[in-house]
Amino acid sequence: MNTVFGIHGGIHPPEEKALSNPGTILDAGIPPTLVLPLSQHIGKPSNLEVGVGEHVLGGQLLAAADGLVSVPLHAPTSGTVTAIEPRPVPHPSGMENICLELSCDGRAQWLDTSGFANWTEEKPEVLVEAIRAAGIAGMGGAGFPTAVKLLAPQRAPMHTLIINGTECEPYITADDTLMQVEAACIVEGAEILAHILGVERILFGVEDNKPAALAAMKAAADGAGRPCEVMAFPTKYPSGGEKQLIEILTGKQVPTGGLPADLGIVCQNPGTAVAVRDAICDGKPLTDRLVTLTGRALARPGNYRVRLGTPIEYLLQVAGFEPKENRRLIHGGPMMGFALESSSVPVVKTTNCILVPTEQELPTPPPAQACIRCGLCAEACPASLLPQQLYWYARARDQEQLERHHLSDCIECGACSWVCPSHIPLVQYYRAAKGMIADSKAEKVRSDRSRGRFEARQERLEHETAAREAQRAARRAAAQKKAAEGGAEDPVAAAIARAKAKKEAAANESDPS
Amino acid sequence: MSFLRITSPHGHGPMTTTQVMQMVLLATLPGVAALTWFFGPGTLINIAFGGALALACEYLVLRLRNREPTPYLKDYSVLVTSTLLCIALPPYAPWWLVMTGILAAVILGKHVFGGLGYNPFNPAMVGYVVLLISFPLQMSSWQAPRGLGDMPGLSEALTALFLPATYDGVTMATPLDLLRQNKGLLMEDLYQQTPQFGQWAGVGWEWVNIAFLAGGLWLIYRGIFTWHAPLAMLVMLGLCAAIGFDSGSSESGGSPLLHWLSGATMFGAFFIITDPVSGATSNRGRLLFGALVGILLYLIRVHGNYPDAVAFAVLILNFAAPFIDQYTQPTTYGHRPIKEDDE
């Protein structure tokens with residue numbers, strides 16, 4: 001048994017996991033219409049392959065990947081494409097994006113698919129291509145195309161695959177449920193990923209507040225074909241942050257600005273592992289996912305299997321939403337999720353939780369009080385930052401000090417805001433400050449570029465002037481030299497002599513020059 | 001249906017700034033009780049009178065600054081300032097002394113800089129030093145401890161406060177005064193021949209310090225502040241005293257135990273240098289801040305002009321706190337130098 005390591009800071013918010021009854025998967029059903037954004041991942045939006053009015057089958061390709069960092073999109077059920085237009089998508093800004101509306105026919109007719117009979121004999125490139133074709137993007141939250149993560153130019157030889165089953169966010173139990181119900185699929189998916197990466201060992205990291213998931217994962221890992229270890233560690237938020245989990249399981253820190261790959265480590269989410277297994281073994285593209293519908297404003301909270309594109313308002317009906325006392329609708333968990341303005345947005349590949357708390361449950365924050373630099377935030381910060389200092393520098397827009405205090409290493413976990421006795425929305429200040437720094441860096445790049453252009457032009461103009469000057473000087477010198485050589489020859493006589501010579505030459509029909 | 005747009009995190013922990021302040025007030029209780037037991041009700045009267053003045057002063061200044069007073073008054077911070085100042089004042093001080101101290105603390109120490117959170121100096125210590133420099137006589141008249149003089153009652157305490165001209169109390173040099181004035185006695189003889197010295201330090205003072213230590217440890221246990229600054233201060237004070245002890249000769253600076261349990265040592269270590277606003281902010285910084293306070297405290301006590309020096313030491317280090325902060329940043333995640341085996 002490997003030992004686990006501690007991390008700095010962290011908090012223990014109320015877990016509220018029992019509310020969504022982990023361990024049971026419910027079916028959310030097929031809604032009348034699905035709304036499928038063309039960009040559900042990090043990278044370029046996919047390119048449409050179907051048009052309005054076209055009938056599609058479940059699993060059919062709707063949009064193809066555009067370039068390397070992009071993933072395709074498939075129909076989650078059979079139906080007719082009824083609109084392709086901008087619609088609100090789940091995003092903190094409430095922005096709109098191109099979406100495809102699919103009117104479901106309720107017959108759930110699927111394309112026949114089949115996977116690899118024996119993936120152990122396939123080459124990694126073939127399997128990665130199959131993963132890309134299945135439209136898989138990281139299902140933990142960021143939505144980075146999985147195939148790209150597997151292909152990424154590897155700076156160090158990979159030796160460890162970590163399956164991140166920490167799920168440290170309060171309320172969410174989707175990964176917990178998946179580990180309890182589909183442990184064997186997670187392990188097989190992890191083995192496929194390990195085969196592709198050529199890593200020696202697989203670590204499954206699970207917080208110790210999920211005994212059922214731990215037992216199921218241990219049982220499944222025993223049958224695996226390569227060294228697998230299920231590691232339990234103390235429950236603490238945010239142990240599930242990729243960098244934090246790596247430190248807990250290996251004792252190593254991902255260098256600032258670097259990737260886990262620099263340490264020879266790749267992290268994947270259990271949901272992603274199952275999606276990979278389904279894609280490789282069954283040829284099934286990613287068209288649904290587990291979503292925790294929870295919060296005390298719901299009569300039937302639970303973990304639902306939801307077809308991608310299902311409008312959240314439909315899910316709220318399914319889960320028995322009672323709208324009277326509610327004020328917030330959260331996409332994700334209470335610590336890092338973002339509040340949605342409207343329930344018309346659809347579930348996407350990164351939607352792991354829809355949280356609908358009552359006002360008593362998660363009260364509207366009171367007005368912020370003064371920062372007394374008590375340092376509770378610094379005690380809670382998992383990145384060992386000084387949030388109280390960053391707060392002052394963010395308010396002062398002091399870019400130099402913000403960078404000196406490593407603002408860019410902030411993972412925006414929200415632990416500092418959670419403990420702040422003055423209720424200061426610290427993370428919001430850091431997001432704004434990061435935006436400010438990004439803007440000013442972009443501005444600097446732009447101004448550097450135009451300065452470069454200006455200087456190049458100046459240089460070119462100077463060159464041209466100098467060249468002209470040099471030509472003129474050369475001509476002048478030549479003329480003077482000639483004049484000096486020819487003594488005090490009369491220029492008029494010389495011109496006449498030249499003209500005479502020309503005429504003679506023309507008469508002789510030879511070249512006049 | 002439209003929902004509220006609030007950025008994450010959506011939950012919040014149980015602690016509020018008001019609670020932090022209330023807990024600090026609560027933690028002064030053992031020390032205040034010990035002061036009251038050994039020196040009579042003077043400190044209690046100071047705290048009550050000073051607290052009322054401070055609230056009134058805070059209210060007026062907030063109105064002058066065009067701030068809605070209620071939310072600020074509810075944070076209890078001004079009561080913490082006034083209580084800490086009144087604990088430090090001599091019991092049976094006249095009303096004008098208390099008032100001058102409160103006005104200096106609340107207005108000069110806090111509001112001229114922008115109020116709570118913006119003050120570079122510890123407001124209670126600003127008030128204390130203004131008084132110490134302006135009224136050295138009144139500030140050094142300490143009531144004789146229980147057993148060494150008549151213990152004033154409540155009516156005497158009120159007389160002392162409001163009709164200072166008619167009050168005639170029994171004051172006595174404190175052990176730190178005696179230590180500084182001592183020219184010829186070995187430490188052992190000083191303890192035996194002077195009634196003000198008790199078992200470890202001064203009569204009464206040793207228990208007052210132990211009581212403040214207890215309150216401070218409770219605050220550390222509750223997570224209100226960390227152990228770094230108090231421990232560093234006490235360790236450095238003890239170290240300096242051990243070096244200057246001179247095996248208890250007549251030139252001795254006093255033993256570590258004497259320094260730990262005398263004057264405002266424990267009160268300072270747990271209630272003054274732990275003020276987060278004016279102190280260093282990182283744990284490394286707090287270690288340095290506390291250690292420097294400890295050294296300064298010893299130097300001023302033994303080689304300076306004042307018998308006790310917590311206020312001076314703290315104010316001087318308040319100047320240095322922003323500078324200390326610049327050089328005591330913790331090592332951020334991912335900034336650790338990479339070891340060979342990490343490769």
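Note that the structure is a prediction, hence the values are computed from the model and not measured.

Undergrad: Got a sec to walk through the overall build of chain A? Specific residues and values, please.
TA: For chain A, the count of helices and strands is 14 helices and 17 strands. In terms of overall size, chain A is more extended than a compact globule, its C-alpha atoms giving a radius of gyration of 33 Å where 513 residues would be expected to give roughly 24 Å. C-alpha atoms of chain A, sized along the principal axes, occupy 115 × 65 × 50 Å. Across the 513 residues of chain A, 52% fall into the buried class. Sequence separation of at least 24 residues holds for 72% of the intrachain contacts in chain A that already meet a minimum separation of 6. Summing over all exposed atoms, chain A offers an accessible surface of approximately 22,500 Å²; the carbon and sulfur share of this is 54%. The distance from the centre of the 50 positive side-chain charges to the centre of the 59 negative ones in chain A is 8 Å.

Undergrad: Lay out the pattern of salt bridges in plain terms, naming residues and giving numbers.
TA: Where charged atoms from two side chains of opposite charge come close, those side chains can pair. Per the stated rule, a full pass over the model turns up 27 salt bridges over all chains. Across the salt bridge formed by Lys-210 of chain A and Glu-207 of chain A, the nearest N and O atoms sit 3.7 Å from each other. Between Arg-301 of chain B and Asp-308 of chain B there is a salt bridge whose closest N-O contact spans 2.9 Å. Judged by its relative accessible area of 3%, Arg-301 of chain B is buried.

Undergrad: Can you lay out the pairing of strand β2 (residues 33–37) of chain A for me, pointing to particular residues and giving the numbers?
TA: Residue and element names in this part refer to chain A. Among the five residues in β2, four count as buried, and that is most of the element. Bridging between β2 and strand β8 (residues 96–104) involves five bridges; their strand directions are antiparallel. By the bridge assignment, Thr-33 is partnered in β8 with Ser-103.

Undergrad: Describe unusual backbone geometry, naming the residues involved and giving the relevant values.
TA: Pro-238 of chain A follows Tyr-237 of chain A through a cis peptide bond whose omega is 0°. On the secondary structure map, Pro-238 of chain A appears in the loop between β11 (228–233) and α6 (242–250). Residue Pro-9 of chain B is reached from Ser-8 of chain B by a cis peptide bond, and omega for that bond is -5°. Relative to the helices and strands, Pro-9 of chain B resides in the segment before α1 (17–27). Here the phi dihedral of Ala-108 of chain A falls at roughly 50°; this positive angle occurs in a residue that is not glycine.

Undergrad: Report on helix α17 (residues 310–327) of chain B, specifying residues and quantitative values.
TA: Compared with an ideal rise of 1.5 Å per residue, which puts 18 residues at 26 Å, α17 of chain B spans 24 Å between its outermost C-alpha atoms and is within 8% of the ideal. The largest bend along α17 of chain B measures about 45° and falls at Ala-320 of chain B, with the proline Pro-322 of chain B one to four residues further on. Turning to α17 of chain B, its buried residues are Val-310, Ala-311, Phe-312, Ala-313, Val-314, Leu-315, Leu-317, Asn-318, Ala-321, Ile-324, Asp-325 and Gln-326 of chain B. Buried positions along α17 of chain B lie against α10 (387–396) and α11 (399–404) of chain A together with α7 (123–134), α15 (265–272) and α16 (283–303) of chain B.

Undergrad: Tell me about the packing of helix α1 (residues 124–133) of chain A against helix α4 (residues 183–197) of chain A, and name the residues and values.
TA: Residues and elements named next belong to chain A. At a minimum axis distance of 9 Å, the contact between α1 and α4 shows a crossing angle of 130°. One way to sum up the angle between α1 and α4 is to call them oblique. The handedness of the crossing between α1 and α4 comes out as left-handed. From α1, Pro-124, Leu-127, Val-128 and Ile-131 reach across to α4, where they touch Ile-192, His-195 and Ile-196. Partitioning the contact of α1 with α4 into residue classes produces six nonpolar, one polar and no charged.

Undergrad: Which residues make up helix α6 (residues 95–110) of chain B, and what values do they have?
TA: Residue and element names in this part refer to chain B. For α6, spanning 16 residues, the distance from its first C-alpha to its last is 21 Å, which sits close to the expected 22 Å at 1.5 Å a residue. Inspection of α6 places Leu-97, Val-98, Gly-101, Ile-102, Ala-104, Ala-105, Val-106, Gly-109 and Lys-110 among the buried residues, and these make up the whole buried set. The elements touched by buried residues of α6 are α3 (42–64), α5 (77–88), α7, α8 (136–139) and α9 (154–162).

Undergrad: Lay out the interface of chain B and chain A in plain terms, naming residues and giving numbers.
TA: Chain B puts 46 residues into the contact, and the matching count from chain A is 68 residues. The three residues of chain B that bury the most area against chain A are Phe-3, His-10 and Tyr-333 of chain B, which together make up 19% of that side's buried surface. Taken together, chain B and chain A are joined by two salt bridges. Between Arg-336 of chain B and Glu-247 of chain A there is a salt bridge, with its nearest N and O atoms 3.8 Å apart. Secondary-structure elements contributing two or more residues to the side of chain B that touches chain A are α1, α16 and α17 of chain B. Top contributing element to the side of chain B that touches chain A by residue count: α1 of chain B, with four residues. Looking at the side of chain B that touches chain A residue by residue, the classes come out as 16 nonpolar, 23 polar and seven charged.

Undergrad: Break down a nonpolar patch on the surface for me, with residues and values.
TA: Residue and element names in this part refer to chain B. On the surface, Leu-103, Ile-107, Leu-108, Val-112, Phe-113 and Tyr-118 cluster together to form a nonpolar patch covering roughly 510 Å² of accessible area. Residue placement: Ile-107 occurs in helix α6. When its relative accessible area of 32% is taken as the criterion, Ile-107 is described as partly exposed.

Undergrad: Quick rundown of the confidence of the model for chain B? Include the residues and the values.
TA: With 98% of its residues at a pLDDT of 70 or more, chain B has an overall mean of 90. Here the prediction assigns the complex a pTM of 0.86, and the interface score ipTM is 0.87.

Undergrad: I'd like a description of the nonpolar core, backed by residues and values.
TA: Counting residues in hydrophobic clusters, the biggest one holds 107 residues, and the most contacted among them are Phe-267 and Phe-271 of chain B. The element best represented in this core is α17 of chain B, accounting for nine residues. Apart from residues lying up to four places away in sequence, Phe-271 of chain B is in contact with Val-24, Ala-27, Thr-28, Leu-84, Phe-212, Gly-215, Gly-216, Leu-219 and Met-266 of chain B. Counting residues in hydrophobic clusters, the runner-up holds 89 residues, among them Val-81, Met-158, Ala-220 and Tyr-304 of chain A.

Undergrad: I'd love a proper account of empty space enclosed by the protein, names of residues and values included.
TA: Gaps left between atoms show up when a probe the size of a water molecule is rolled over them. In total, this model carries five cavities of 30 Å³ or more according to the counting rule given. A volume near 500 Å³ is recorded for the largest cavity. Lining of the largest cavity is provided by 33 residues; of these, Phe-271, Thr-274, Asp-275, Pro-276 and Val-277 of chain B occupy positions nearest its centre. Looking at the lining of the largest cavity, the elements that each hand over two or more residues are α1, α5, α7, α13 (228–244), α15 and α16 of chain B. Element by element, the count of residues in the lining of the largest cavity is highest for α5 of chain B, at four residues. A class-by-class count of the residues in the lining of the largest cavity yields 23 nonpolar, seven polar and three charged. Counting residues domain by domain, the lining of the largest cavity receives three or more from each of domain 1 (14–172) and domain 2 (173–326) of chain B. Considered as a void within the structure, the second largest cavity measures approximately 110 Å³ in volume. Taken together, 16 residues make up the lining of the second largest cavity; nearest its centre are Cys-381, Leu-385, Cys-410, Cys-413 and Cys-416 of chain A.

Undergrad: Mind laying out the sheet that holds β11 of chain A, listing which residues take part and the relevant values?
TA: Residues and elements named next belong to chain A. One open sheet holds the four strands; their spatial order is β11-β10-β9-β12, and the pairing between them is parallel. Only two strands of the sheet have a single partner each, and these edge strands are β11 and β12 (265–268). Averaged over all pairs of adjacent strands, the angle between strand axes in this sheet comes to 25°, irrespective of strand direction. Where strand β10 (residues 201–207) and β11 come together, six bridges link them in parallel fashion. Residue pairing across strands places Gly-205 opposite Met-231, the latter belonging to β11.

Scoring rules and cut-offs
Counting restarts for each chain: residues are numbered from 1 in the order of the written sequence. Numbering of ligands from 1 and lettering of chains from A proceed in the order in which they are written. Reporting of local features is limited, given that this is a predicted model, to residues whose pLDDT is at least 70; pairs of side-chain atoms are given and counted only at 80 or more, and all residues count toward the totals for whole chains, interfaces and linings. By convention in this description, side-chain values take in all heavy atoms of the structure and omit both hydrogens and water. Put simply, DSSP H or I for four residues or longer makes a helix, DSSP E for two residues or longer makes a strand, and each gets a number counted from the N terminus. For a compact globule the rule gives 2.2 Å times the number of residues to the power 0.38, and the radius of gyration it is set against comes from C-alpha atoms. Each residue is assigned to one of three classes by its accessible area relative to the maximum for its type, calculated with a 1.4 Å probe on protein chains only: buried under 20%, partly exposed between the two thresholds, exposed over 50%. Note on definitions: a residue-residue contact is assigned when non-hydrogen atoms from the two residues lie within 4.5 Å. Here the Shrake-Rupley method, with its probe set to 1.4 Å, supplies the accessible areas, and only the displayed protein chains count as covering residues. Residues scored as positive are Lys and Arg, those scored as negative are Asp and Glu, and His as well as the terminal groups of each chain are ignored. Where a charge sits is defined by one atom per residue type, namely NZ (Lys), CZ (Arg), CG (Asp) or CD (Glu). Salt-bridge detection follows one rule: a side-chain nitrogen of Lys or Arg within 4 Å of a carboxyl oxygen of Asp or Glu. Pairing between two strands is assigned when DSSP locates at least 2 bridges connecting them. Multiply 1.5 Å by the residue count of a helix minus one, and that product is the helix's expected span. Here the bend at a residue is taken as the angle between two axes, fitted respectively to the seven residues that end there and the seven that start there. In this analysis an axis means a line fitted to C-alpha atoms, helices contributing only their contacting stretch, and an angle means the value between N-to-C directions, from 0 to 180 degrees. The labels follow the angle: roughly parallel below 35 degrees, roughly antiparallel above 145, roughly perpendicular from 65 to 115, and oblique for the rest. For a crossing to be left-handed, the near helix must be turned anticlockwise from the far one by less than a right angle; the clockwise case is right-handed. In this count, Pro and Cys sit with the nonpolar residues alongside Ala, Val, Leu, Ile, Met, Phe, Trp and Tyr, while Asp, Glu, Lys and Arg are called charged and the others, Gly among them, polar. A simple way to read buried area is as the amount of 1.4 Å-probe accessible surface that goes missing from two parts once joined, with both sides added. Note that patches include only residues with greater than 30% relative accessible area and no salt bridge, and the join distances are 9 Å for like charges and 5 Å for nonpolar side chains (Val, Leu, Ile, Met, Phe, Trp, Tyr). On a range of 0 to 100, pLDDT expresses the predictor's confidence in each residue. Throughout, nonpolar core names a set of buried Ala, Val, Leu, Ile, Met, Phe, Trp, Tyr and Cys residues whose side chains join them through atoms within 4.5 Å. Think of a 1 Å grid over just the protein atoms. A cavity is a set of points where a 1.4 Å probe fits yet cannot get out, a pocket is an open set with protein on both sides within 12 Å along at least five of seven lines, and lining residues have an atom within 4 Å of a point. Grid points are joined across faces, edges and corners, and a volume is the space filled by probe spheres set on the points. In this document the domain limits rely on a domain assignment from an automatic tool or a database.

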